[in-house]
Amino acid sequence: MILRLILGDQLNMAHSWFKEEEQWNYLYVMMEVQSETNYVLHHHQKIVAFFAAMRNFAETLKSNGCQVVYFKINDEVNQHSFEKNIQYLQTQFTVTALHYQLPDEYRLYQDFKRFKSVFPFKVQGFETEHFYCNLSEIADLGAEKKYYLLENFYRHLRKKHHILVENDKPVGGKWNFDADNRNKWKNQVAIPKAIQFDNDVSDILQDLKTKGIATFGTQVQSSQYPQSRAQALEQLNYFLDHLLPHFGTYQDAMHTHELLLFHSNLSFAMNVKMLSPAEVVQATEHHYYKHRDVITTAQVEGFIRQISGWREYVRMVYWNTYPKMKSSNFLENKQPLPTVFWTGDSKMKCVATCVQNSLNNAYAHHIQRLMVLGNYALLMESHPDEVDSWYLGVYVDAIEWVQLPNTRGMSQFADGGIVATKPYVSSSNYIDKMSNYCSECFYDKKTKTAENSCPFNSLYWHFLDRNSAHFQNNPRMKMMYALLHKMDPEERNKINLRAKFLIKTRDC
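Residues numbered from 1 in each chain as written. Predicted model: local features only at pLDDT ≥ 70, side-chain atom pairs only at ≥ 80, totals over all residues. Heavy atoms only, no water.

Draft legend 1. Layout of the side chain of S308. Inspection of the secondary structure assignment puts S308 in helix α12 (residues 297–321). When its relative accessible area of 0% is taken as the criterion, S308 is described as buried. (Helix = DSSP H or I, 4+ residues; strand = E, 2+ residues; numbered from the N terminus. Buried < 20%, exposed > 50% of the residue type's maximum accessible area, 1.4 Å probe, protein only.)

Draft legend 2. Summary view of the packing of helix α15 (residues 366–379) against helix α16 (residues 384–394). Contact pair α15 / α16: the axes reach a minimum separation of 11 Å and the direction vectors enclose 145 degrees. Helix-helix and strand crossings are classified by hand; for α15 and α16 the assignment is right-handed. Every residue of α16 that contacts α15 at R369, L373, G374 and A377 is listed here: V387, W390 and Y391. Counted by class, the contact of α15 with α16 contains five nonpolar, one polar and one charged residues. (Axes fitted to C-alpha atoms, helices over the stretch in contact; angles between N-to-C directions. Left-handed = near helix turned anticlockwise from the far one by under 90°. Contact = heavy atoms within 4.5 Å. Nonpolar A, V, L, I, M, F, W, Y, C, P; charged D, E, K, R; others polar.)

Draft legend 3. Layout of the nonpolar core. Within the largest apolar cluster, 173 residues are counted, with the highest numbers of intra-cluster contacts made by L5, V351, L373 and Y376. Filtering out sequence-adjacent residues up to four positions away, L373 remains in contact with F341, V351, C354, V355, S358, Q368, W390, Y391 and Y395. (Core = buried A, V, L, I, M, F, W, Y, C linked by side-chain atoms within 4.5 Å.)

Draft legend 4. Inspection of the packing of helix α9 (residues 229–247) against α12 at higher detail. For the pair α9 and α12, interaxial distance at closest approach is 7 Å and the crossing angle is 105 degrees. Taken together, the axes of α9 and α12 lie roughly perpendicular to each other. Residue-level contacts link F239, L244, P245, H246 and F247 of α9 to Q299, V300, G302, F303 and Q306 of α12. Per-class residue counts for the contact of α9 with α12 are six nonpolar, four polar and no charged. (Parallel < 35°, antiparallel > 145°, perpendicular 65-115°, else oblique.)

Draft legend 5. Looking closely at α15. The end-to-end C-alpha distance of α15 is 18 Å, a good match for the 20 Å that 14 residues give at a rise of 1.5 Å each. If you look at α15, its biggest bend is around 30 degrees, right at L373. Where burial is concerned, most of α15 is hidden: 13 out of the 14 residues are buried. Backbone geometry just after α15 places E381 at a positive phi near 60 degrees. (Expected span 1.5 Å × (residues − 1). Bend = angle between axes of the 7 residues up to and from the residue.)

Draft legend 6. Just the sheet that holds strand β5 (residues 97–101), in detail. Spatially, the five strands line up as an open sheet ordered β4-β2-β1-β5-β6, and their pairing is parallel. Since the sheet does not close on itself, it has two edges, and those belong to β4 (67–71) and β6 (122–126), each with one partner. Within the sheet, the average angular offset between the axes of one strand and its neighbour, ignoring direction, is 25 degrees. Note: β5 against β6, five bridges, orientation parallel. (Pairing = 2+ DSSP bridges.)

Draft legend 7. Layout of unusual backbone geometry. A cis geometry characterises the amide bond from Y322 onward to P323, with omega recorded as 5 degrees. Here P323 lies in the loop between α12 and α13 (340–343). One non-glycine residue, N167, adopts positive backbone phi at about 55 degrees. Within the secondary structure, N167 sits in the loop between β7 (165–166) and β8 (169–170). Located in the positive-phi region is L261, a residue other than glycine, with phi close to 50 degrees.

Any functional reading would require information beyond the geometric quantities listed.
This is the structure we're talking about:
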């Protein structure tokens, strides 16, 4: 018997393993193990969504005639370790080999490499067959400095895979329509009701309770996230039909009463590999070409850039900079993460709304994660280790290969500029420009030093002042430093005193 190990983020029914006619000598193995639920504190809905999708995948394999062993979280024989559970299977079957798909997280990749010296039978790793770039190509791209600039990487993939390309030219005449993707949503366009599922997860809830798995966030009686490929495809088709026509225009917008706006919410389905990036991009292209009379290029390019651009790019960065990035703290921030990240209790409407959405739904879109929560964590000088742990735990789509470069790199600038050419920090001005948060807030968005001044204002200028040695010569920040240097010294001192008070008290 050849064991074939499948991880919780490897639910790819299109993998070549399942196309082989001779399946009788393969035993597919899936595990819910505490080594995965407990290595960071996870949102309750994240664990539930993963287990629901894993259990459904196992049942689908069985219905297709495959032999499957599935270790549930509270099974008596489950020893909560990949290695120990495989050793247990050795006592139950005559195992001749172990196959596994290469993990996307560095820690598991390293653990699984040890299997060759642990087990007496042949151990072989296989590509997951999911991403545009396999690990060999990732290494090649990472060897060239130019591909650490997102635009170069993005154009490379667009050209190689002929994505939105006609006659070797970008569709619409430009490679990037980001300048058209920054509009504030003020109810100009009606937002269709979001598609959400109502998957029964009562058995999982009971299993987690019985096993005593520690989680945080709002617990729910059913899961809104897709648990099958059929549901993931339904989610994709709904996005194309109802949301894509306005996605690009409002992809950076935020609103107190709208969680998803025009976002697809496909990241969970893609990150557990129920959907591949290529099929999502191809479906989007096909839909666009069929409906060019009602969908502009800017809407489609903005969405495709997130998948064939950013998603693949951060994976390239992850594999080529780990473990350096994992331990980086370029700005030497050492403060604990503010308690609002665990409670959602803040007088700052933007922070409270984004944290509450995260805790209630295990979801926030990219601008909420970057320009509200990440911005706040950075300006409050939070230690990047704590920021990493929260982001990795709270979001249903968070797997370290995509989380780490986004938080420690782009959001916190802890990597010293590998991912971003400048820190993504702002005062209340940007948040007010892209949302309605400020209009409903206790704080005054226009002042810096008064007791009711928006904390972002003093924190922003204090960040620039404190880190001037790093950034005052940065071409993208020269204008802001020119304003800082022209500031009245007394006003500048008041700003720094208020910011230091906010950082010391930790919550606003």
